[in-house]
Structures are given as structure tokens and as C-alpha cells.
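So you can see what is in the structure, the chains are spelled out below.
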Amino acid sequence: MRLAARANSVSGSKTSGTRNKAEALRAQGVEIVNFAAGELDFAPPGEMVRALHAAADADTHRYTDTAGLPALREALAERITQLSGVPYAAQEVVVTTGAKHGLHLAALALLDPGDQALVPNPGWGTFAAQIRIAGGEPVPVETSDTGFVPDVDRLEALRTPRTRLLVLNTPNNPTGSVCPPEQLARIAAWAVAHRIWIVFDECYGELVLPGAAHAHPAALVPEARDLTVGIGSFSKSFAVTGWRAGHVHGPRALIDTVKNLQSHTASNVTSVVQHALLPAARGELDGFPEQVRQVLARRHRLVGEALTTIDHIRPATTPQGAFYYFLDVRDVLGRKLGGEPVPDTDTLTGVLMEQARVALTPGTAFGAEGFVRLSYAIAEDRIVAGLASLREVMTGVE
Ligand code: PLP
């Protein structure tokens, strides 16, 4: 069947692939510890669920304003202003179907065919896929030797007349790294100097561990405001991944374009969901992300300590945010595990699923052979059981 080149330029999300495989095994009665989850195991705040019921009972089932309910845009603008320290007005915010669609619309708004977009590597695979769909060319910026944060000299070496934007994702998926404010300021100043857009994905911005600081590029370099598209989400901070609720903020002209594109693609985010987001957007539920941060800090410690007792696997960095550990497994590659040859990371994650009954996401989903991502967004007893099993199986490396 002939399909458009644009469609053939991408394959399905690999992170979803791992999740599906783990769930398929579970459905067959095989007990799997799922370290591949890209979402919290928490129930969302009760107030949000009640607000969703109330919205469904009220007459809120029609199309809404394309950019979102005016009250929601207003509340989000205030929240973004308060969290970032950079003033944003309601007209500079669009509510989108998850951060994912917001990112997609931003790519469509900014990229012409042939434009280059710098993307972190390792990085979330969707960035490159969306850039390709928009006709652009993703250019990986290797960060594994620069603390999993883009280095300005490397950005400069990769810059060409076709460089149009840079994707920054902090806290980062898959590494959990947080871009230190001084480094973010250097990157923002570089982007301003060369008129390069910053697509700033801060979906995990509220999930930063104690000791690390999340900052907005325009709070550090005010001139960056005109060139920054901020991408936020309720998915991770309020445990509502399935609601598909995200938002985009940026300069008015860009936001109007994102709104136009949304009017022809999704129309608007599900009306009842938008109503149910209001209490969170108004900051009335901030105790929830605070509680999530405390739980994640405990799990982070638990995983970190357990990893020191497991052979052949080591953290590639100490994560400071999100809920991921990025693990260096290069020591196992080219050897055997429980008698099975392990030539590469994809094979390793398959073998570990069979032998240790744990699901880990291969680094190849993020452009990083030799690494795996471990999500600790699961209950502590599951973490303990999964890591004990991993420890045991890892003694079988020959
Ligand atoms: N950006 C990053 C870096 C992510 O890891 C994810 C989800 O895993 C998203 C965006 C998508 O978030 P949403 O559920 O709001 O679409």
C-alpha cells in the first residue's frame, strides 16, 4: 500500500511498545514488575475526579473555544507566571490535548521543510518523530558525555543556517537530569544570539527532587521570551495521563498560530476535562504534586541504594527529577545472561522480561544503545521485588 512519505518517516512509539509487551504478558498471568511505566501509579486528586463528575452532570458537553475555556486559560496564565516568574497573559496560553499535541502543533507552527531542529540525545523519541512529520530534520545533540544536559559548544558546532529550533526537556525523559539554571542561561543566551527558537518541554517541571532547581529560560534571559515555546502538562504532576491535558505558552503570534492549527486538528480539548482541570490550574490542589515529590524522593533513594548491590548495571547519572533512572548496561552486552546471548540492549530487555520478570525500556527508544530506562513510578514493594529479581538474574552474566 502506498502511504505518504511523512507517515513512513516515523515508526510507532517504542516506549508504548514495551508497555504493551509487559501488559500482554500480564494478561497471560505472568507477573511482571513494570519499570517501564511513563506515568505515576497514584490516583488523581479526588477533587479533580469530583469536578469531572460535576462537569459531566452539568451542560458542558459542547465544543469549547479552540484555545480552551477562557477561565482555564486565565488560571493557567497565572499559574505559569507564578511558577516561572515570567508574566504570561491568557491570550498567550493554549490548552492542548496533552503536551504531546502541544509539541506537535509547535513543530507544525515553526518548521518549514528542510529546517533543522536540535533534539537532545538521549531524548524522548516523539520529539524527532514530530519534527519529521512537520517536514523538518531532527539533529541529535549528544549529551551522554556532558552530564545529560546540552553543551553550548556542541550546539554551536551543530548550528547551520537551517537551524530553526532547539528542544530542551528538563527534567529530562529518559535520564531524570535537570538542566542547572546557569547552564540553561548559557543555552538561552546562545539561542537568542542566533535567533533560534527554544521548545521548552517542562512536563516534569513540578517533579524535581530536593536540591535541584527548575527554571524557565525567559526567567534567566528575558530576551528569550520572544523565542520560547513552553510546553506543560497535567499528566505527570496530577496523575491524569489518560485525560490528555496539556498546554502551550509563548508569544502571542505563535500562540495564535497554534490555536489556528488546533482549530483544524483537535478543535478543543475534551470539554468536561477542561472543566475538571480548573481547581488544579487555580493552584488549589498544589498539595498533590508536593505529596508526589515526597513519595518520589523516597523511591529515588530506594532504587539508588538497591542499584549499588546489583552487578553489571550502574546509573549513568544521578537523576534529579521526573521518575526515571537511566542505567548503563554496556557491561552486559556481548556476553551471556542465564545462557542467553545478549548482543544488544533490545535483546537484553527481552531477556530480562523473561528471566527476571521485569520490564525496562531499552535506551534505543531514546537513541541510546547500551542504556535502559527504569521508571520508579510504581509502588515501593514492587520496586523492592523487581530489583531483587534483577539482582539475582544479573549474577548469571557470563
Ligand atoms: N514530553 C515528555 C518529555 C514526556 O516524557 C511525555 C510523556 O511521557 C510527554 C511530553 C507527553 O505528555 P502528555 O501526556 O501531556 O501528552
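What you are looking at is a predicted structure, and each value in this text was computed from that prediction instead of being measured.

Q: Mind showing me how you'd approach the environment of L111 here?
A: With respect to the helices and strands, L111 occurs in the loop between α5 (98–110) and β3 (116–121). The spatial distance from the C-alpha of L111 to the C-alpha of I133 is 10.0 Å, given a sequence separation of 22 residues.

Q: Would you mind showing me how to read helix α10 (residues 252–265) here?
A: Two residues of an α-helix separated by three or four positions point the same way, owing to the 3.6 residues in each turn. Compared with the 20 Å implied by 1.5 Å per residue over 14 residues, the 20 Å span of α10 between its first and last C-alpha is a close match. Buried within α10 are the following residues: L254, I255, V258 and Q262. The buried residues of α10 occupy an angular sector of 95° when the element is viewed end-on, so they sit on one face. Pointing more than 90 degrees away from the buried face of α10 are the exposed residues A253 and H264. Buried-residue contacts for α10 involve α4 (70–84), β2 (93–97), α5, β6 (197–201), β7 (228–233) and β8 (245–249). Immediately downstream of α10, the backbone of S267 shows phi near 70°, a positive value.

Q: Where do I start with the packing of α5 against α10 in this structure?
A: Two numbers describe a pair of packed helices, the interaxial angle and the distance between the axes. At a minimum axis separation of 9 Å, α5 and α10 run at an interaxial angle of 115°. The angle between the axes of α5 and α10 places the two elements in the roughly perpendicular class. Viewed along their axes, α5 and α10 form a crossing whose handedness is right-handed. Residues H101, L105, L108, A109 and L110 of α5 form the contact with α10, whose own contacting residues are L254, T257, V258, L261, Q262 and T265. When grouped by side-chain class, the residues that make up the contact of α5 with α10 number seven nonpolar, four polar and no charged.

Q: What is the right way to read the site of the ligand from this model?
A: Taken together, 13 residues lie around the ligand, and A99, D201, S233, S235 and R244 are the ones closest in. Between A99 and the ligand, the recorded distance is 2.7 Å, taken from a backbone N or O atom to an oxygen atom. A distance of 3.0 Å is found between an oxygen atom of the ligand and a backbone nitrogen or oxygen belonging to K100. Isolated, the ligand exposes 400 Å² of accessible area, and the fraction of that covered by the protein chains is 92%. Among the elements that make up the shell around the ligand, the one with the highest residue count is α5 (three residues). A per-class count over the shell around the ligand returns four nonpolar, five polar and four charged.

Procedures and definitions
- Residues numbered from 1 in each chain as written.
- Predicted model: local features only at pLDDT ≥ 70, side-chain atom pairs only at ≥ 80, totals over all residues.
- Heavy atoms only, no water.
- Helix = DSSP H or I, 4+ residues; strand = E, 2+ residues; numbered from the N terminus.
- Expected span 1.5 Å × (residues − 1).
- Buried < 20%, exposed > 50% of the residue type's maximum accessible area, 1.4 Å probe, protein only.
- Arc of directions from axis to C-beta.
- Contact = heavy atoms within 4.5 Å.
- Axes fitted to C-alpha atoms, helices over the stretch in contact; angles between N-to-C directions.
- Parallel < 35°, antiparallel > 145°, perpendicular 65-115°, else oblique.
- Left-handed = near helix turned anticlockwise from the far one by under 90°.
- Nonpolar A, V, L, I, M, F, W, Y, C, P; charged D, E, K, R; others polar.
- Near = heavy atom within 4 Å.
- Polar contact = N/O pair within 3.5 Å; in protein donor to acceptor, adjacent residues only side chain to side chain.
- Areas by Shrake-Rupley, 256 points an atom, 1.4 Å probe, with all protein chains shown as cover.

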